[in-house]
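# What the coordinates show
Listed below are the residues making up each chain.
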Amino acid sequence: MTFEQGPIRPPSEAESLFIRVTRNCPWNKCLFCPSYKGKKFSRRTVEEIKKDIEALARAQAKVKAYARELGEGLKITRKTLQAVYRREPELLQVAYWLYHGGKNVFLQDGDNLIMPAEQLAAVLTFIKEQFPTVERITTYARSKTVSRRRVSELQLVREAGLNRVHIGLESGHDPLLAYMQKGVNAAEHVEAGLKVKEAGLSLSEYVLLGLGGRKMWLEHAVDTARVLSAIDPHFIRIRTLTARGGTPLQEKVLAGEFKLLDDDSVVNEERLLLANLQAGSYLVSDHILNLLEEIEGDLAREQQALLEVIDSYLGMPLERRINFRIGRRLGLYRYLRDMQDLQRFAQVETIRVQLEAAGQDLEEFLDQCRRRYI
Ligand code: SF4
């Protein structure tokens, strides 16, 4: 019962079934990206992928057989998950997927639209045949790759079953895209995003807050808002930069060449980005490294309210902002409103005062806390 699995997926696809269509990233040069470093890109044949899909379908049948044996009928319950875990843990991914409804599939890895459209369509058709209950199939893709595709090719894969494309836009500022070796420019980002939409696919664009560092934060915010406004994607997903171990960006940070922003500067940048956006997208902040998780909503209706949330944070006295940052990074707070829980507030305040009394470097402490999540 073997099938390949890639290393990553978007948080929004945590409950999806993963089917590996290509291996790693064909570009693999972005300075900040640790996902596929040291791993070589390779294509998979349609036959190879179909074998994986067949193995996953057999796994599905086995999990359902466990459920029947346990008297759970067609429903995959926690009891079934526990039985699978004890007896055939290699089926757990499929069991977990079925437990969550068995409706979504995410195609791994980093840039599957690099595959010839006819081949990808054959894979998608096969997924639909083997898993008729699937309602949504999504994939990562690079803007550069999509900009070279014809809309008719994207339509072909959409008709075969692809629903959504996740693109790492990161920034709309050309000098920053060049510095970070993203391998794409703002015009190509726009071209790719518009093609995805024209083909009738749903589009998620990922933005990396903090990517401009101290030098380019302002241009990063303004140009990213300009590019996103031109694309007007269905979803804008916020991420926050960390210089992860083993990345070229971390070397630049250690060498003092790239200066990271602290949390408050990132929030300032986020405000500028949000204030300049002219889009009807749904803004999502679904990553643990984002400071303000509540910056999420429909821009057409809630943009002003989201700006007010940011202003409420920036308007707090310094000590309260530090309290929130410590609580958030320690996992004691999720939202700003959690500070109203007096017991939790006092708990965080005790930690803050102790850190201060010990002469602890706050940024260093918060950085260590952030790293627990990556
Ligand atoms: S294109 Fe995406 S997956 Fe590839 S190196 Fe850049 S950020 Fe990483």
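## Some words on the overall build of the chain
- In terms of regular secondary structure, the chain is built from 15 helices and ten strands.
- The C-alpha atoms of the chain give a radius of gyration of 22 Å, which matches the 21 Å a tight globule of 374 residues would have.
- For the C-alpha atoms alone, the extent of the chain along its principal axes is close to 60 × 50 × 45 Å.
- Each of the 374 residues in the chain was classed as buried or not, and the buried ones make up 53%.
- Accessible surface, the chain as shown: approximately 16,600 Å² in total, 50% of it carbon and sulfur.
- Averaging the positions of the 55 positive and the 51 negative side-chain charges in the chain gives two centres separated by 5 Å.

## Quick look at the site of the ligand
- Around the ligand, a shell composed of C25, N28, K29, C30, F32, C33, Y36, R142 and K182 is seen.
- Considered class by class, the residues forming the shell around the ligand number five nonpolar, one polar and three charged.

## A closer look at the domain arrangement of the chain
- Its domain assignment divides the chain into domain 1 (1-107 + 114-130), domain 2 (142-315) and domain 3 (317-374).
- The distance between the C-alpha centroids of domain 1 and domain 2 comes to 27 Å.
- Contact residues are listed per partner, giving 24 residues for domain 1 and 29 residues for domain 2.
- Each partner contributes to the roughly 2,100 Å² buried at the junction of domain 1 and domain 2, and carbon and sulfur atoms together form 71% of this total.
- When the area that domain 1 buries against domain 2 is broken down by residue, the three leading residues are W27, L31 and F32, summing to 36%.
- Where domain 1 packs against domain 2, one counts zero salt bridges.

## Quick look at the packing of aromatic side chains
- What the rule picks out here adds up to seven aromatic pairs.
- Measuring from ring centre to ring centre gives 6.0 Å for Y313 and F324, while their planes differ by 65 degrees; the resulting arrangement is edge-to-face. With Y313 in helix α12 (residues 299-314) and F324 in helix α13 (residues 318-329), this residue pair connects regions lying eleven residues apart in the sequence. Judged on exposure class, the residue Y313 and its partner F324 are both buried.
- Aromatic side chains F324 and Y333 sit 5.8 Å apart centroid to centroid with 10 degrees between the ring planes, which places their arrangement in the stacked category.

## Quick word on the pattern of salt bridges
- The full count for this structure, using the stated rule, is 37 salt bridges.
- The salt bridge involving R325 is made with E363; its shortest N-O contact spans 2.9 Å. Taken together, the residues R325 in helix α13 and E363 in helix α15 (residues 362-371) connect sequence positions 38 residues apart.
- Looking at R325, the relative accessible area reads 4%, which means it is buried.
- Salt bridges sharing common partners tie together E4, R20, R23, R44, E48, D52 and D109.

## Notes on the sheet that holds strand β9 (residues 282-284)
- One open sheet holds the eight strands; their spatial order is β1-β4-β5-β6-β7-β8-β9-β10, and the pairing between them is mixed. Pairing within the sheet leaves two strands with one partner each, and these edge strands are β1 (17-20) and β10 (297-298).
- Relative to strand β7 (residues 202-209), strand β6 (residues 164-170) runs parallel, the two being bridged by six bridges. Following the sheet pairing, H166 is matched in β7 by S204.

What counts, and at which threshold
Residues numbered from 1 in each chain as written. Predicted model: local features only at pLDDT ≥ 70, side-chain atom pairs only at ≥ 80, totals over all residues. Heavy atoms only, no water. Helix = DSSP H or I, 4+ residues; strand = E, 2+ residues; numbered from the N terminus. Rg over C-alpha atoms; globule rule 2.2 N^0.38 Å. Buried < 20%, exposed > 50% of the residue type's maximum accessible area, 1.4 Å probe, protein only. Areas by Shrake-Rupley, 256 points an atom, 1.4 Å probe, with all protein chains shown as cover. Lys, Arg positive; Asp, Glu negative; His and termini not counted. Charge placed at Lys NZ, Arg CZ, Asp CG, Glu CD. Near = heavy atom within 4 Å. Nonpolar A, V, L, I, M, F, W, Y, C, P; charged D, E, K, R; others polar. Domains from an automatic or database assignment. Contact = heavy atoms within 4.5 Å. Buried area = accessible area lost by both parts, 1.4 Å probe. Salt bridge = Lys/Arg side-chain N within 4 Å of Asp/Glu carboxyl O. Phe/Tyr/Trp six-rings, centres within 6.5 Å; stacked < 30°, edge-to-face > 60°. Pairing = 2+ DSSP bridges.

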